[in-house]
Amino acid sequence: MYDIVGKRNWYFAFSALITIPGLIFILLGGLKPSVDYTGGTVWQVRYADVPSAAEVHAALVELRHPEAVVRSVGGGFLEIRTRPIDLLPQSTQVPTPSPLPSGVTPEPSPSPSPSPSPTPEPSGSAPASASASASASESPSPSPTPAPVIPGTPFDTLEKQLIARFGAGEPRLVTTVGPTVGSELIRSSIILIVIGELFILGYLWVRFGFRYGTAAIVALLHDVIVVVGIFAMLGFFFGLEFDALFVTALLTIIGFSVHDTIVVFDRIRENRVRHAGEPFGAIVNHSILQTLGRSINTSLTVVVTLTALLLLGPATIRTFALALLIGVISGTYSSIFNASQLLAVWYEWDAKRKASALAAARKGRPTAR
């Protein structure tokens, strides 16, 4: 029988190897929150002239948006991120006549029917002033030049300015979030994760006991740190941002990891009755081997689906699919090689402590005559 529990120090070393760098990059500020958390306007567009990100950024600086961040997202599309911009179209202002001074009556408008003149003028002898006014009225008025974009200008005005420079645009995504909404979303996300952890901890304490619940929570924290740490490294080196779906992925990962851990813990509890008298490490080893095939097969089906979603799915959910993929792999690993091993270490340490206390008590007891 393969001894999995006996090699637990290697598993703990591997877990430290994948969590410590993530924690370092989290402290270095590698996590890049998206507009959902920081507030701002983001849109993805592909222009007919296919400009580079640097050209579009230079144009936005000229249009009074020096804070804009432009990057290529593949397929000729560019992602533009600015401060919050009003997405509503600019309303057309109807000119209102200026009020007349007091005592001045408005002149009546001329009658549409022409008044007959007693002495007709010869043809071609129209007054020069009339012909000048007629020609002036018939000449089209020049089109006004577009006004420069200023803070608070609606999105359609900025979009027209960019289209005039880089050709027709094909938008794919346009969203804007205020900073207040972003801060509320951060607070709600933290509360959701903490409440989820506490409810899971309480359930495991009631169902299995204090040691089982604590070991499962440590494995959950391992999975969360792995996912967040990898996103911090990707954000530090490649500028990958996490959006609101990232929190949904974390909650899903927590549920999946707990489900896999409960399967192993249930088998450990059953084997403690069947293999009474055996060391607890041997019981844990039996339980892991009996549930290993089920855990791996279940995880593989999810991994294949998430990989297809990550490679072939829409770009808007790739961050969600990537977080889930990392979390499912980490959750399967932690259920087998972290939670169960921590439980075995805890029981073995407690057994040694009790044995040492019993030996010390026997040494201090006087020998019977």
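This write-up is about the structure you can find in this document.

Cut-offs and rules
- Residues numbered from 1 in each chain as written.
- Predicted model: local features only at pLDDT ≥ 70, side-chain atom pairs only at ≥ 80, totals over all residues.
- Heavy atoms only, no water.
- Helix = DSSP H or I, 4+ residues; strand = E, 2+ residues; numbered from the N terminus.
- Buried < 20%, exposed > 50% of the residue type's maximum accessible area, 1.4 Å probe, protein only.
- Contact = heavy atoms within 4.5 Å.
- Areas by Shrake-Rupley, 256 points an atom, 1.4 Å probe, with all protein chains shown as cover.
- Phe/Tyr/Trp six-rings, centres within 6.5 Å; stacked < 30°, edge-to-face > 60°.
- Lys NZ or Arg CZ within 6 Å of the ring centre and 35° of its normal.
- Expected span 1.5 Å × (residues − 1).
- Bend = angle between axes of the 7 residues up to and from the residue.
- Core = buried A, V, L, I, M, F, W, Y, C linked by side-chain atoms within 4.5 Å.
- Pairing = 2+ DSSP bridges.
- Axes fitted to C-alpha atoms, helices over the stretch in contact; angles between N-to-C directions.
- Left-handed = near helix turned anticlockwise from the far one by under 90°.
- Nonpolar A, V, L, I, M, F, W, Y, C, P; charged D, E, K, R; others polar.
- Salt bridge = Lys/Arg side-chain N within 4 Å of Asp/Glu carboxyl O.
- Patch = residues over 30% accessible without salt bridge, like charges linked within 9 Å, V, L, I, M, F, W, Y side chains within 5 Å.

## Some points on the overall build of the chain
In step 1: Helix and strand content of the chain: 10 helices and six strands.
In step 2: Across the 369 residues of the chain, 36% fall into the buried class.
In step 3: Residue pairs in contact within the chain that sit at least 24 positions apart in sequence constitute 79% of those at least 6 positions apart.
In step 4: A total of about 22,100 Å² of accessible surface is found on the chain, and carbon and sulfur atoms cover 66% of it.

## Description of the packing of aromatic side chains
In step 1: Scanning the entire structure with this criterion turns up 16 aromatic pairs.
In step 2: Ring centres 5.1 Å apart and planes at 35 degrees place the aromatic pair Tyr333 and Phe337 in the tilted group. In this pair, Tyr333 and Phe337 are both assigned in helix 10 (residues 318-364), four residues apart and thus about one turn of the helix distant. The same class applies to Tyr333 as to Phe337, namely buried.
In step 3: Taken together, the aromatic side chains of Phe208, Tyr212, Phe265, Phe280 and Tyr347 make up a single cluster linked through ring pairs.
In step 4: Across from the ring centre of Tyr347, 4.6 Å away, lies the NZ or CZ of Arg211, which sits over that ring.

## Notes on helix 10
In step 1: Taking 1.5 Å as the rise per residue, helix 10 with 47 residues should run 69 Å; its terminal C-alpha atoms sit 66 Å apart, in good agreement.
In step 2: Ser334 marks the point of greatest bend in helix 10, at about 45 degrees.

## Re the nonpolar core
In step 1: Formed by 52 residues in total, the largest nonpolar core has its most connected members in Tyr212, Val227, Phe246, Phe265, Ile268 and Phe280.
In step 2: Looking at which element gives the most residues to this core, the answer is helix 10, with 13 residues.
In step 3: Residue contacts for Phe280: discarding those within four places in its chain leaves Tyr212, Ile268, Arg272, Leu343, Ala344 and Tyr347.
In step 4: Counting residues in each nonpolar core, the second largest holds 16 residues, with Val45, Val56, Val70 and Phe155 among its members.

## Digging into the sheet that holds strand 4 (residues 77-82)
By definition, the strands of a sheet pair up through backbone hydrogen bonds, in either a parallel or an antiparallel sense.
In step 1: Read from one edge to the other, the open sheet built from four strands follows the order 3-4-2-5, with strand pairing classed as antiparallel. Because the sheet does not close on itself, it has two edges, and the strands there are strand 3 (69-74) and strand 5 (169-177). Within this sheet the neighbouring strands show an average axis-to-axis angle of 20 degrees, counted without direction.
In step 2: Sheet topology note: the strand 2 (residues 40-47)/strand 4 ladder contains five bridges and is antiparallel. The partner of Val45 across the bridge, within strand 4, is Leu78.
In step 3: In the packing of helix 3 (residues 53-62) onto the sheet, contacts are made with strand 3 and strand 4, and the angle to strand 3 comes to roughly 150 degrees.
In step 4: Against the sheet, helix 5 (residues 155-166) touches strand 2, strand 4 and strand 5, its axis set at about 30 degrees to strand 2.

## Topic: the packing of helix 7 (residues 210-238) against helix 8 (residues 245-274)
In step 1: In contact at an axis separation of 9 Å, helix 7 and helix 8 are set at 145 degrees when each is read in the N-to-C sense. Regarding helix 7 and helix 8, the two cross each other, and that crossing is right-handed. Residues Tyr212, Ala215, Ala216, Leu220, Asp223, Val224, Val227, Val228 and Phe231 of helix 7 form the contact with helix 8, whose own contacting residues are Phe246, Leu250, Ile253, Ile254, Ser257, Val258, Thr261, Phe265, Ile268 and Arg272.
In step 2: Partitioned by chemical class, the residues of the contact of helix 7 with helix 8 number 15 nonpolar, two polar and two charged.

## Thoughts on the side chain of Ser299
In step 1: Among the secondary structure elements, Ser299 is positioned in helix 9 (residues 280-312).
In step 2: Among residues more than four places away in sequence, those in contact with Ser299 are Phe256, Asp260, Val328 and Thr332.

## Regarding the pattern of salt bridges
In step 1: Under the defined criterion, the tally for this structure stands at 13 salt bridges.
In step 2: The salt bridge involving Arg81 is made with Glu241; its shortest N-O contact spans 2.7 Å. Here Glu241 lies in strand 6 (residues 241-242) and Arg81 lies in strand 4, a separation of 160 residues in the sequence.
In step 3: On the basis of relative accessibility, which here comes to 21%, the residue Glu241 falls in the partly exposed class.
In step 4: Between Asp350 and Arg353 there is a salt bridge, and its shortest N-O distance comes to 2.6 Å. Here the residue Asp350 and the residue Arg353 both occupy positions in helix 10, the gap between them amounting to three residues, near one helical turn.

## Some thoughts on the packing of helix 7 against helix 10
Two quantities define a packed helix pair, namely the angle between the axes and the distance from one axis to the other.
In step 1: Across the interface, helix 7 lies against helix 10 with an axial gap of 7 Å and an inter-helix angle of 145 degrees. Here helix 7 and helix 10 pass one another in a crossing that is right-handed.

## Things to note about a nonpolar patch on the surface
In step 1: A grouping of Ile20, Ile24, Leu28, Phe236, Phe237 and Phe238 is seen on the molecular surface, where their side chains present a nonpolar patch of about 680 Å² in accessible area.
In step 2: Counting residues per element, the ones that place at least two in the nonpolar patch are helix 1 (8-27) and helix 7.
In step 3: It is helix 7 that provides the largest number of residues to the nonpolar patch, a total of three residues.
In step 4: With respect to the element layout, Phe238 can be found in helix 7.
In step 5: We classify Phe238 as exposed; its relative accessible area is 67%.

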